[in-house]
Amino acid sequence: MRYWLLVLNEDEYAEQQAYEVEAVEPGAALPEGAADGDEVALAGPEGVFALGELDGPAIAYRRRLEEPEKTDESAAAAERTRDAAGVVVGGWTALTPDAWEDLVRSLPTPERRRDWLVTLSMPIEAVDKAEAVRQFWSYIRSLGPKELPTFVSPYGREIEGTAFLLGAEHEQDPEE
């Protein structure tokens, strides 16, 4: 078994933060020597956001973090994969078993699963309820998680709700 750190490019990273999927098939070709069962830490420009296992051309998620965790390895790998314009284009880095253990130990302890209330409300002008619902789903499909904020709170404690956009907390102050 080998250990890898995969830095996703900015578009792939944003897509992974927006949707719940079981695996990611990265744009970067698999490195030589990679095999099914290899352990992979997935990172974006802001740090490690998930751990997974290589399964064919894809990486099956085993654990996703609430917030990306910047580690020494992920920061160095992100810098190595920047193009001339400073954009992270992504790529693979082989890790030693000791470097892998250090990376995993530096991640926060997983929290237990619990129920959340996730809402998305928007005013829609329509002739009837059916048209309003059709327009609602059309807006969701056309705008998506990049433009539609959702509000998330622990179930039963709705007053603690926060706004999220693209899988990350987002300020909803109209003056900003």
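Residues numbered from 1 in each chain as written. Predicted model: local features only at pLDDT ≥ 70, side-chain atom pairs only at ≥ 80, totals over all residues. Heavy atoms only, no water.

1. Some thoughts on the pairing of strand β3 (residues 39-44)
- Extensive coverage of β3 is indicated by the burial of six of its six residues.
- Pairing between strand β1 (residues 3-7) and β3: five bridges, direction parallel. Bridge pairing links Leu-5 to Ala-41 in β3.
- Pairing geometry for β3 and strand β4 (residues 47-55), over six bridges, is antiparallel. Opposite Val-40, over in β4, you have Gly-52 as the bridge partner. (Buried < 20%, exposed > 50% of the residue type's maximum accessible area, 1.4 Å probe, protein only. Helix = DSSP H or I, 4+ residues; strand = E, 2+ residues; numbered from the N terminus. Pairing = 2+ DSSP bridges.)

2. With respect to the confidence of the model for the protein
- Averaged over all residues, the pLDDT of the protein is 87; the fraction at 70 or higher stands at 97%.
- Mean pLDDT per element in the protein: strand β10 (residues 168-169) is the minimum at 80, and β4 is the maximum at 95. (pLDDT = per-residue confidence, 0-100.)

3. Things to note about the side chain of Gln-16
- Looking at the element boundaries, Gln-16 is found in helix α1 (residues 10-18).
- Residues within four places of Gln-16 in sequence aside, it is in contact with Leu-8, Val-21, Val-24, Phe-49, Tyr-61 and Arg-64. (Contact = heavy atoms within 4.5 Å.)

4. Some details on the nonpolar core
- Of all hydrophobic cores here, the largest spans 15 residues; its most connected members are Leu-5, Ala-41, Val-48, Leu-95 and Leu-103.
- Of all the secondary-structure elements, those providing two or more residues to this core are β1, β3, β4, α2 (72-80) and α3 (97-106).
- Once you skip the residues sitting within four places of it in the chain, Leu-95 turns out to touch Tyr-3, Trp-4, Leu-5, Glu-73, Trp-100 and Leu-103.
- Core analysis: the second largest hydrophobic core is formed by 13 residues, Leu-8, Ala-50, Leu-54 and Tyr-61 among them. (Core = buried A, V, L, I, M, F, W, Y, C linked by side-chain atoms within 4.5 Å.)

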